[in-house]
Amino acid sequence: MSTHHAVFVTGASGTVGSSVVQYLLELGVPVVAATRSNADATRLAPGAESRHFDLAMTRMELEAALSGCDRLFLMRPPAISDVQTYLFPLIDAAQRVGIRQIVFLSLQGVQGNKRTPHHAVEQYLKRIDAPYTSLRPNFFMQNLTAMYGAEIRESSEIFVPAGRSFTAFIDARDVGRVAAAVFTSGGHLRKAYTLSGEQPLSYARIARTLSRVLQRPIHYARPSEREYLDRLRSEDRPGDYIDVQKMIYRIVRWNISAFPNRKIRQLTGRPATTFLEFAEREKAVWER
């Protein structure tokens, strides 16, 4: 495959990255998928070119990895918090080789949360006048399959300290659709888009929807923050993970993530995926 005018996609085998790859290929855009292992490469959609990539590469290796590409989908691996050491050099390499657009997977509310690595990346992109587009998604519906899937399947329970709050969840696949859209249409440089679903949902409503789809009662437990953190400690979760979860669910209880919008519909021409649609698509994860 010719990679002239290709998009280089980091995190290409992950939840969001794989959707970016899929939707770009559907639009006929050449894709170079960054992979760290043969196992990652086997998970790619047919038609994507796999290229070995590691954020610890040298300056010359980073430039070589981007060869033939004119756009970059950039995401921060969850294990990396030192973005100055690991992400900034890739951004610099992109500037040197003439990448004309960097779409960065950021975080909802990042502009008001200066402690997040995503904030540092957004500020750096602005400071060096990179041709960025920042995507700031709300909570992913996939949290209920990846993080809480086993619990829902085995215990028929959602155990998160969200109180009576609402969240306008987003399907990670919709983020892939948006990324493909902003890569292939004009007017998106140096802009940031907050991406939410179109329905603000309580966890009680989510439990009712799952009950209907799975045809068995799913219970929202509504634990206190202390009960939730105690459970994480009993599972021997790392301290930094527990701290992040504590912060995340305080934000949820403050209803900061409750506000829906139609940005996905505006950018892609199609409405955001509803939670019912997501649950029906993914129900095998929770089935016994």
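Parameters at a glance
- Residues numbered from 1 in each chain as written.
- Predicted model: local features only at pLDDT ≥ 70, side-chain atom pairs only at ≥ 80, totals over all residues.
- Heavy atoms only, no water.
- Domains from an automatic or database assignment.
- Contact = heavy atoms within 4.5 Å.
- Buried area = accessible area lost by both parts, 1.4 Å probe.
- Salt bridge = Lys/Arg side-chain N within 4 Å of Asp/Glu carboxyl O.
- Polar contact = N/O pair within 3.5 Å; in protein donor to acceptor, adjacent residues only side chain to side chain.
- Axes fitted to C-alpha atoms, helices over the stretch in contact; angles between N-to-C directions.
- Helix = DSSP H or I, 4+ residues; strand = E, 2+ residues; numbered from the N terminus.
- Parallel < 35°, antiparallel > 145°, perpendicular 65-115°, else oblique.
- Left-handed = near helix turned anticlockwise from the far one by under 90°.
- Nonpolar A, V, L, I, M, F, W, Y, C, P; charged D, E, K, R; others polar.
- Buried < 20%, exposed > 50% of the residue type's maximum accessible area, 1.4 Å probe, protein only.
- Phe/Tyr/Trp six-rings, centres within 6.5 Å; stacked < 30°, edge-to-face > 60°.

The protein goes by NAD(P)-dependent oxidoreductase in an unreviewed UniProt entry, where it is assigned to Cryobacterium arcticum.

K.L.:
An account of the domain arrangement of the protein is needed here, citing residue identities and associated values.
P.N.:
Examined at the domain level, the protein breaks down into domain 1 (6–137) and domain 2 (141–169 + 198–258 + 271–286). Placing the centre of domain 1 and that of domain 2 at their C-alpha centroids yields a distance of 28 Å. The partner domain 2 presents four residues to the four residues of domain 1 that form the contact. Summed over both partners, the interface of domain 1 with domain 2 buries about 260 Å², with 53% contributed by carbon and sulfur atoms. Among the residues of domain 1 in contact with domain 2, Thr15, Gln108 and Asn113 are the three that bury the most area, contributing 79% of the side total. Taken together, the connections running from domain 1 to domain 2 amount to zero salt bridges. Taken together, domain 1 and domain 2 are joined by one residue pair in polar contact (both at pLDDT 80 or more).

K.L.:
Requested: an account of the packing of helix 1 (residues 15–26) against helix 9 (residues 172–183), with residues and values cited.
P.N.:
When two helices pack together, their arrangement is captured by the angle between the axes and the distance separating the axes. At their nearest, the axes of helix 1 and helix 9 sit 7 Å apart, and the two run at 45° to each other. By the angle between their directions, the pair helix 1 and helix 9 is classed as oblique. The two elements helix 1 and helix 9 cross, and the hand of that crossing is right-handed. The residues of helix 9 that touch helix 1, namely those facing Thr15, Val16, Ser19, Val20, Tyr23 and Leu24, are Ala172, Arg173, Val175, Gly176, Arg177, Ala179, Ala180 and Phe183. Among the residues making up the contact of helix 1 with helix 9, the classes are represented as nine nonpolar, three polar and two charged.

K.L.:
Give a description of the pattern of salt bridges that names residues and reports values.
P.N.:
As enumerated under the stated definition, the model contains 21 salt bridges in all. Between Asp174 and Arg177 there is a salt bridge; the shortest N-O distance is 3.0 Å. You can see Asp174 and its partner Arg177 sitting in helix 9, three residues apart, about one turn around the helix. Of the two residues, Asp174 and Arg177, both sit in the buried class. Salt-bridge contacts for Glu198 lead to Arg265; the nearest nitrogen and oxygen are separated by 2.7 Å. Here Glu198 is found in the loop between strand 9 (191–195) and strand 10 (201–202), whereas its partner Arg265 is found in helix 13 (residues 263–268), with 67 residues between them in sequence. Owing to a relative accessible area of 25%, Glu198 belongs among the partly exposed residues under this scheme. Exposure remark for Arg265: the relative accessible area of 32% places this residue in the partly exposed category. Residues participating in the shared-partner salt-bridge network are Asp171, Arg173, Arg281 and Glu282.

K.L.:
With reference to specific residues and values, describe the packing of aromatic side chains.
P.N.:
Tallied over the full model, the rule gives seven aromatic pairs. Measuring from ring centre to ring centre gives 5.3 Å for Phe8 and Phe53, while their planes differ by 70°; the resulting arrangement is edge-to-face. Taken together, the residues span a long stretch of sequence, with Phe8 in strand 1 (residues 6–9) and Phe53 in the loop between strand 3 (49–52) and helix 3 (59–65) at a distance of 45 residues. Residue classification places Phe53 among the buried positions, given a relative accessible area of 6%. Among the aromatic residues, those joined into a cluster by ring pairs are Phe169, Tyr203 and Tyr220.

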